[in-house]
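Report on the structure
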Amino acid sequence: MTLNQALKERLVAGVRGHAGVSLYGRQVNRRLGGALAQVAFRLGLRPNQVTAASGATSALAVALLVLVRPSLVSGIAVWFLVVLAYALDSADGQLARLRGGGTLAGEWFDHVLDAGRVVALHSGVLVMTFRFYDSRTSSLLPLVYVFVASVLFAAGTLAEILLRGRREEVPTAGQAPVVTLRGLLLLPLDLGVLALSFLFIGSESAFRAAYGTFLVLTVVVGTALLAKWFRQLSAVSAKATT
């Protein structure tokens, strides 16, 4: 067995079949992260170093939004950096599995940077629209987006912690299907998909339409998720009192 085959087997063995992951996250970002994790493993890097690289890449994307006048070229650069940062965010966990397992400190560090990325990215859009766009109404979208994204991130993270080990596992036969309805519905919440909107920052009207559409879809899907998490936690509480 070659080194590449051994690394791939260890990655696949450690990855759970998350039905709740979006189609992009599962089919694109996880694979990009796996490839980056293998490179990092060969270079002898630690998961926290990859996490830090993800944060630095995100910071560079935000800097471009804030400091450089929006254009097709800057939009492509921001899109690439956001996609790369998101892939690195997947790579750190996969690298931890390749190295035999992660740490609580590493998981905490990863979540801190994830939370910071959510706020920083939409705040960067807010500054960009205020500095370079003519209509002040364009700045309302990222202002709402940063609130919605922050609430969903906090609610989802807390729900995962509170429900850990308390969900009923649904047995599946064979591999999970490549395309699921849930995976499609979660696409608007996926950072890698949202990154596509940055390709249009050179045109205020086009970017506002793309970014605004993602915001509306995020609110709709996010509201459904909040209701689901509330029902799940209510069911756990009711079960504990019986």
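Values in this document were obtained by computation on a predicted structure and should not be read as measured data. (Residues numbered from 1 in each chain as written. Predicted model: local features only at pLDDT ≥ 70, side-chain atom pairs only at ≥ 80, totals over all residues. Heavy atoms only, no water.)

Further remarks concern the overall build of the chain. Per the secondary structure count, the chain includes nine helices and zero strands. By residue count, 38% of the 242 residues in the chain fall in the buried class. Within the chain, residue pairs in contact and separated by at least 24 positions form 84% of the contacts whose partners lie at least 6 positions apart. Counting every atom, the chain has about 13500 Å² of accessible surface; 69% of that belongs to carbon and sulfur. (Helix = DSSP H or I, 4+ residues; strand = E, 2+ residues; numbered from the N terminus. Buried < 20%, exposed > 50% of the residue type's maximum accessible area, 1.4 Å probe, protein only. Contact = heavy atoms within 4.5 Å. Areas by Shrake-Rupley, 256 points an atom, 1.4 Å probe, with all protein chains shown as cover.)

Next up on the list: the pattern of salt bridges. Going through the model one piece at a time under the given rule, you end up with five salt bridges. One salt bridge connects Arg117 with Asp89, and the closest N-O pair in it is separated by 3.6 Å. Of the two residues, Arg117 is situated in helix α5 (residues 104–132) and Asp89 in helix α4 (residues 72–98); the sequence distance between them amounts to 28 residues. An identical accessibility class is assigned to Arg117 and Asp89; each is buried. Here the salt bridges share partners, and the residues they tie into one network are Asp89, Asp114 and Arg117. (Salt bridge = Lys/Arg side-chain N within 4 Å of Asp/Glu carboxyl O.)

Once that is clear, we can look at the packing of α5 against helix α6 (residues 140–163). At their nearest, the axes of α5 and α6 sit 9 Å apart, and the two run at 170° to each other. One element, α5, and the other, α6, form an angle in the roughly antiparallel class. Where α5 abuts α6, its residues His111, Asp114, Ala115, Val118, Val119, His122, Ser123, Val125, Leu126 and Thr129 lie against Pro142, Leu143, Tyr145, Val146, Ala149, Ser150, Phe153 and Thr157. Along the lines of polarity and charge, the residues of the contact of α5 with α6 split into eleven nonpolar, six polar and one charged. (Axes fitted to C-alpha atoms, helices over the stretch in contact; angles between N-to-C directions. Parallel < 35°, antiparallel > 145°, perpendicular 65-115°, else oblique. Nonpolar A, V, L, I, M, F, W, Y, C, P; charged D, E, K, R; others polar.)

Moving on to the packing of aromatic side chains. Each pair of aromatic rings is reported with the distance of its centres and the angle of its planes. Enumeration according to the criterion identifies five aromatic pairs in this entry. Plain terms: the ring middles of Tyr24 and Tyr86 are 6.3 Å apart, the flat faces sit at 5° to each other, and that makes the pair stacked. One end of the pair, Tyr24, is in helix α2 (residues 23–43); the other, Tyr86, is in helix α4, with 62 residues separating them in the sequence. Each member of the pair, Tyr24 together with Tyr86, is buried. A ring pair is formed by Tyr145 and Tyr211, whose centres lie 4.9 Å apart and whose planes are at 50°; its orientation type is tilted. Within this pair, whereas Tyr145 is found in helix α6, its partner Tyr211 is found in helix α9 (residues 204–241), the two being separated by 66 residues in sequence. According to the relative accessible area criterion, Tyr211 is buried, its value standing at 1%. One aromatic cluster is present, formed by Tyr133, Tyr145, Phe198, Phe207 and Tyr211 through successive ring pairs. (Phe/Tyr/Trp six-rings, centres within 6.5 Å; stacked < 30°, edge-to-face > 60°.)

Here the focus is the nonpolar core. Counting residues in each nonpolar core, the largest one holds 30 residues, and the members touching the most others are Leu65, Val82, Met128, Phe198 and Phe207. Elements represented by at least two residues in this core include exactly α3 (47–67), α4, α5, α6, α8 (191–194) and α9. For Val82, the contacting residues outside a window of four places in its chain are Ala61, Leu121, Leu191, Ala195 and Phe198. Among the nonpolar cores identified, the runner-up in size contains seven residues, and Val50, Leu88, Ala91 and Leu98 belong to it. (Core = buried A, V, L, I, M, F, W, Y, C linked by side-chain atoms within 4.5 Å.)

Another point: a nonpolar patch on the surface. Together, Phe147, Val151 and Leu226 make up a nonpolar patch on the protein surface, roughly 270 Å² of accessible area in all. Counting through the fold element by element, Leu226 comes out in helix α9. (Patch = residues over 30% accessible without salt bridge, like charges linked within 9 Å, V, L, I, M, F, W, Y side chains within 5 Å.)

Turning to its location among the elements, Asp110 is positioned in helix α5. Despite being buried, Asp110 has no salt bridge partner; Arg117 is the closest side chain of opposite charge, sitting 5.3 Å away. Dropping the residues within four chain positions of it, Asp110 is found in contact with Thr51, Asp89 and Asp92. (Lys, Arg positive; Asp, Glu negative; His and termini not counted.)

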